[in-house]
Amino acid sequence: MFRNLILFMMIGMLGACNHVHMKPGTLDKTHDIYTTRGGNNMRQATKERMEQRGYNIKIGKVKSTNNIIETDIADYERFEIPANAEYLLTISEREEKFRPIWCALNGFWWWNFNVSIVNQQSGEEILTWRGRGCANSSLRKLDKILDRLEK
């Protein structure tokens, strides 16, 4: 009985690890999506998954780089996004953690991230997703979110 209660509470807590606000039917796959280069595993995996689904992911051109010395910030880059760009994808993430027991058979890595997609033309934020979870389950959630966002 006590074990079942603990299991139920743990499952309930996992559901609270993600908060998603979206506007279904507002993402057109025929338009380019601009984003920044690089990133940890979550950012790279998201770009790859979206390309697999048929999205055309573009990396904004670096406009300027200011190297800042004596700080934790190695580079500060400004990206040039064309004025006619329809969508902008931003992903901020904390360093992933290796969780071989918690995320066994589910990607082994624990991600903590924020994802946003903005329609640059209308100024609407069509997706905000504050999440954390194992790698594979986070990508499955991304697929479900994209299924609902697509026109």
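Residues numbered from 1 in each chain as written. Predicted model: local features only at pLDDT ≥ 70, side-chain atom pairs only at ≥ 80, totals over all residues. Heavy atoms only, no water.

Here we come to the packing of aromatic side chains. On inspection of all chains with the given rule, the structure shows three aromatic pairs. An angle of 35° between the planes, with centres 6.4 Å apart, marks the rings of Phe98 and Phe108 as tilted. Placement of the pair is Phe98 in strand 7 (residues 97-98) and Phe108 in the loop between strand 7 and strand 8 (109-119), with a sequence separation of ten residues. According to the relative accessible area criterion, Phe108 is partly exposed, its value standing at 37%. Taken together through their ring pairs, the aromatic side chains of Phe98, Phe108 and Trp109 make up a single cluster. Above the plane of the ring of Tyr55 lies Lys29, whose end atom (NZ or CZ) is 5.4 Å from the centre. (Phe/Tyr/Trp six-rings, centres within 6.5 Å; stacked < 30°, edge-to-face > 60°. Helix = DSSP H or I, 4+ residues; strand = E, 2+ residues; numbered from the N terminus. Buried < 20%, exposed > 50% of the residue type's maximum accessible area, 1.4 Å probe, protein only. Lys NZ or Arg CZ within 6 Å of the ring centre and 35° of its normal.)

Counting residues in each nonpolar core, the largest one holds 24 residues, and the members touching the most others are Leu27 and Ile117. Counting only elements with at least two residues in this core, the list comes to helix 2 (41-52), strand 6 (87-93), strand 8, strand 9 (124-134) and helix 3 (135-149). (Core = buried A, V, L, I, M, F, W, Y, C linked by side-chain atoms within 4.5 Å.)

Everything listed here is a matter of coordinates, which is why it stays silent on function.
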